[in-house]
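Residues per chain are reported as follows:
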Amino acid sequence: MMMTILLMACITFFTRYLFLHRALPFKVGPKMQQFLSFSAPAVLTAIWVPIVFINDEGINLDWQNPYLSAAVIAVIVAYKTHNIYYTTLAGMGLFIILS
């Protein structure tokens, strides 16, 4: 088990090292940069969608769902304020109140 964790840590480190170390002669072209710009939103969406919309019984679109209510408020606050701190406080605050 520990060997697997160490090997995965090494693989993760070296795949990122190739992109981050400036001394290496590897350059990412503009098309690849544009393609990679979609990876963060895709990964974050894959993380939050199951948390917000799915529970033990299946899809939960009820307004009694604290995850859904907090997510809706967080989206509204983010759209209005463009401030990560207000968005986080509003979403987490409402979730704590509702749960």
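Scroll up to find the structure.
Sequence order as written defines residue numbering, which begins from 1 separately in each chain. In keeping with the predicted nature of the model, local features appear solely for residues at pLDDT of at least 70, side-chain atom pairs appear and are counted solely at 80 or more, and the whole-chain, interface and lining totals rest on all residues. Only hydrogens and water are removed before side-chain values are computed, so all heavy atoms of the structure are retained for them.

Chemist: How should I be thinking about the overall build of the protein chain in this particular structure?
Modeler: Looking only at helices and strands, one finds 5 helices and 2 strands in the protein chain. Beginning at the N terminus, the succession of helices and strands in the protein chain can be written as α-α-α-β-β-α-α. Here the C-alpha atoms of the protein chain give a radius of gyration of 19 Å, more than 25% beyond the 13 Å that 2.2 N^0.38 yields for 99 residues. A principal-axis box enclosing the C-alpha atoms of the protein chain has dimensions of 55 × 40 × 20 Å. Throughout this description, buried means an accessible area under 20% of the type-specific maximum (1.4 Å probe, protein chains only), exposed means over 50%, and partly exposed covers the range between. Looking at the protein chain as a whole, 12% of its 99 residues qualify as buried. Between two residues, a contact is recorded if the distance between any of their heavy atoms is within 4.5 Å. For the protein chain, restricting intrachain contacts to residue pairs at least 6 apart in sequence, the fraction spanning at least 24 positions comes to 21%. To measure how exposed things are, a 1.4 Å probe is used in the Shrake-Rupley method; for residues, cover is taken only from the protein chains shown. Surface summary for the protein chain: the accessible area is close to 8,700 Å², and the carbon and sulfur share equals 74%. Only DSSP runs of H or I with at least four residues qualify as helices, and only runs of E with at least two residues qualify as strands; both kinds are numbered from the N terminus onward. We compute the radius of gyration from the C-alpha atoms alone; for a globule the expected value is 2.2 Å times N to the 0.38, where N is the number of residues.

Chemist: So what exactly am I meant to see when it comes to the packing of helix α3 (residues 39-53) against helix α4 (residues 66-81) here?
Modeler: Between two packed helices, what matters for the description is the angle formed by their axes and the separation of those axes. Interaxial distance between α3 and α4 falls to 7 Å at its minimum, and their mutual angle equals 130°. Taken as axis vectors, α3 and α4 run oblique relative to one another. Contacts between α3 and α4 pair I51, V52 and F53 from the former with Y67, L68 and A71 from the latter. Throughout this entry, Asp, Glu, Lys and Arg are counted as charged residues, while Ala, Val, Leu, Ile, Met, Phe, Trp, Tyr, Cys and Pro are counted as nonpolar. The remaining residues, Gly among them, count as polar. Its residues assigned to classes, the contact of α3 with α4 comprises 6 nonpolar, no polar and no charged. Fitted lines through C-alpha atoms serve as axes, helices being fitted only where they are in contact, and the angles separating the N-to-C directions of these axes extend from 0 to 180 degrees. Reported orientations rely on four angle classes, namely roughly parallel under 35 degrees, roughly antiparallel over 145, roughly perpendicular from 65 to 115, and oblique for the rest.

Chemist: How should the packing of α4 against helix α5 (residues 84-98) be read in this particular structure?
Modeler: Axis separation between α4 and α5 bottoms out at 8 Å; the angle between their running directions is 160°. With respect to their mutual orientation, α4 and α5 come out roughly antiparallel. Note that α4 runs across α5; the crossing there is right-handed. Between α4, through P66, Y67, S69, A70, I73, A74, V77, A78 and T81, and α5, the contact on the second element is made entirely by Y86, T87, A90, G91, L94, F95 and L98. Along the lines of polarity and charge, the residues of the contact of α4 with α5 split into 12 nonpolar, 4 polar and no charged. When the near helix sits turned anticlockwise from the far one by under a right angle, the crossing is termed left-handed; a clockwise turn instead gives a right-handed crossing.

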